[in-house]
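# Survey of secondary and tertiary structure
Here's the letter readout for the chains.
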Amino acid sequence: MVTRKPSDLRYSQVTPKQVYLNRRRFLAGSIALGALAGASSALATTKLNGVKKSPFSTDEQATPFDAITHYNNFYEFGTDKEDPGRNAGKFVTSPWSVKVDGEVAKPLTLDLDAIFKLAPLEERIYRHRCVEAWSMVIPWIGFPLNALLKKVEPTSKAKYVAFESYFDRKQMPQGVWAGIPFPYVEGLRLDEAMNPLALLAVGLYGETLPNQNGAPFRLVVPWKYGFKSIKSIARIRLVEKQPPTTWNLSAPQEYGFYSNVNPEVDHPRWSQAKERRIGEFAKRLTVKFNGYGSEVASLYSGMDLRKNY
Amino acid sequence: MNRVLSSRWTKVAVFLLCLTPILLLGWRLLGLARQGWQGYDPKLTADPIAYITHYTGDWTIRFLLIALGVTPLRKLLDLPKLARYRRMLGLFAFFYGFLHLMTWVWLDKFFDPHEMVKDVIKRRFITAGMTAFALLIPLAVTSTSGWVRRLGFLRWQRLHRLVYFSALAAVIHYYWLVKSDVRLPLMYGGILAVLMLYRAAAWLRSAPRRERAKATSPNTVSLRD
């Protein structure tokens, strides 16, 4: 299977730059997608090449690959955090098609190849803060959501972006017990979606996304709680009115539309002031907007974030 | 069967069996400590502290239900000797509950009294959990034969009915804490309901006998005393 990397190594140290560059020259920047078609195991991922570094990356220690791929919420595959890693192995993510339509001039339907070639791939090492008060540092690979949005040319009526996950009861039998309705839906205001930090991720740790982390591609909104970062996207629509979001439908007093990371606004059942970084013993203080305030705080100027939680 | 249950060795075996959950946990944590807490044990998950919290909490509810199951089983299977195990099982519920509480006090709140008080008041699932544990304290303290004598059996028995409310608070604590998948808390709640319904039925069935006892001998100490 996959060779494990020692957890005390920094990701940047795992692959020496020289090796990386040689390989890149060898493959001449081509994206090796062939093996995707036969993806049958949860970790049947393919190396992604020609990935740029990004100034948006944090230099904090990345969470080990094992933890990222075996501890997360993906309720379609079960509600334990170990369930996605256990149950998503046989999830078929190829072929895949994503419809992008709604209030746009040029609606699109993308297949896997089109998704991976839509824009140059970048590595973005982001902090990830779960609403359950734990956090990770994740080296995603993807491209800004705005690259896709610009392609479809939103009309003047487009005010929000609505996302929908793939759902198939046969492939996700555990989803029946999740207690939330599927398919999972999420949304962003258009200006949030256009923010350069909002990422469409197709990879993790240098490879394509493992199934349990939302293969073949997912949203990553690092200044919001993790549940906003919808996985295994099947449809994207630009809309005029604020779209419904799954956790808000399920428990409106606990989960709002915005769900920005905010230590000053507690979840009704637990405090959001601190978080446990996976792999650390003591808790850390949670930072407003998950530390991305300089990039995103202006999106919310004049808004009462207590009411718009 | 009653002979097996009377044996001292059976009691020792049950005691060791009740210890296995904590020994298993300790063993895994030791393995992790040997790697300087840097390794990854899939069983302990990527968040061992959350795992310890859930694990000790789960075992607390399980032992509460097991202890509450002793009397119904004893009567249904006609195994009077089962009663010998009730105190030990109840004390194990207290033991795991204490570990669960200490996980929260130490690894979640880091002994910060201000934060703990705030949480107990503000978070209803913590209020319920704290209630469940607080109700067990007098029961653990008065679990000795000496205390049964000092209080008198009837008063002791009445005091120990607090365990019903402790178990109920524990199930509510669990139900209030999960995000959306309530299957496990509901399962524990269902088991508790069955155990309580059995007691209610037994109590109703014995009502005529109680009445007769009262009518024929007015001088006997009434159960309500």
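Keep in mind that this is a model prediction, so the values were computed, not measured.

### Some remarks on the overall build of chain A
- A tally of helices and strands in chain A yields nine helices and 13 strands.
- Every one of the 309 residues in chain A was classed for burial, and the buried ones make up 56%.
- Partitioning the intrachain contacts of chain A with sequence separation of at least 6 by distance along the chain shows that 73% fall at a separation of at least 24.
- When the accessible area of chain A is evaluated, it comes to approximately 12900 Å², of which 55% is carbon and sulfur surface.

### Observations regarding the interface of chain B and chain A
- Contact with chain B, which involves 22 residues of that partner, is made by 31 residues of chain A.
- Carbon and sulfur atoms supply 51% of the area buried between chain B and chain A, which totals about 2200 Å² over both sides.
- For the interface between chain B and chain A, the tally reads five salt bridges.
- A:K283 is the partner of B:D108 in a salt bridge, and the nearest nitrogen-oxygen pair spans 2.8 Å.
- At the boundary of chain B and chain A, one finds 13 residue pairs in polar contact (both at pLDDT 80 or more).
- Sorting the residues of the side of chain B that touches chain A by element identifies α3 (48–76), α4 (86–108), α5 (113–122) and α9 (162–177) of chain B as the ones contributing at least two each.
- Considering each element in turn, the side of chain B that touches chain A owes the most residues, three residues, to α4(B).
- Of the residues assigned to the side of chain B that touches chain A, the class counts are eleven nonpolar, three polar and eight charged.

### Some remarks on the side chain of A:R189
All names here are of chain A.
- Positionally, R189 belongs in strand β7 (residues 185–189).
- Of the residues examined, R189 reaches a relative accessible area of 14% and is grouped as buried.
- One polar contact links R189 to D191, side chain to side chain, over a distance of 2.8 Å.
- Excluding anything up to four places from it in sequence, R189 contacts K159, Y160, F257, Y258, L299, Y300 and M303.

### Here's the deal with the packing of aromatic side chains
All names here are of chain A.
- Counting across every chain of the model gives 29 aromatic pairs over all chains.
- Ring geometry for Y75 versus W247: centroids 5.5 Å apart, planes at 75 degrees, classification edge-to-face. Taken as a pair, Y75 in the loop between α3 (65–70) and α4 (83–87) and W247 in helix α8 (residues 246–250) lie far apart in primary sequence, 172 residues in all. W247 matches Y75 in its accessibility class, with the two residues each being buried.
- Positioned above the aromatic ring of F257 is the side chain of K228, whose terminal nitrogen or guanidinium carbon lies 4.3 Å from the ring centre.

Basis of the calculations
Residues numbered from 1 in each chain as written. Chains lettered and ligands numbered in written order. Predicted model: local features only at pLDDT ≥ 70, side-chain atom pairs only at ≥ 80, totals over all residues. Heavy atoms only, no water. Helix = DSSP H or I, 4+ residues; strand = E, 2+ residues; numbered from the N terminus. Buried < 20%, exposed > 50% of the residue type's maximum accessible area, 1.4 Å probe, protein only. Contact = heavy atoms within 4.5 Å. Areas by Shrake-Rupley, 256 points an atom, 1.4 Å probe, with all protein chains shown as cover. Buried area = accessible area lost by both parts, 1.4 Å probe. Salt bridge = Lys/Arg side-chain N within 4 Å of Asp/Glu carboxyl O. Polar contact = N/O pair within 3.5 Å; in protein donor to acceptor, adjacent residues only side chain to side chain. Nonpolar A, V, L, I, M, F, W, Y, C, P; charged D, E, K, R; others polar. Phe/Tyr/Trp six-rings, centres within 6.5 Å; stacked < 30°, edge-to-face > 60°. Lys NZ or Arg CZ within 6 Å of the ring centre and 35° of its normal.

Spatial relationships are all this shows, so hold off on functional conclusions.
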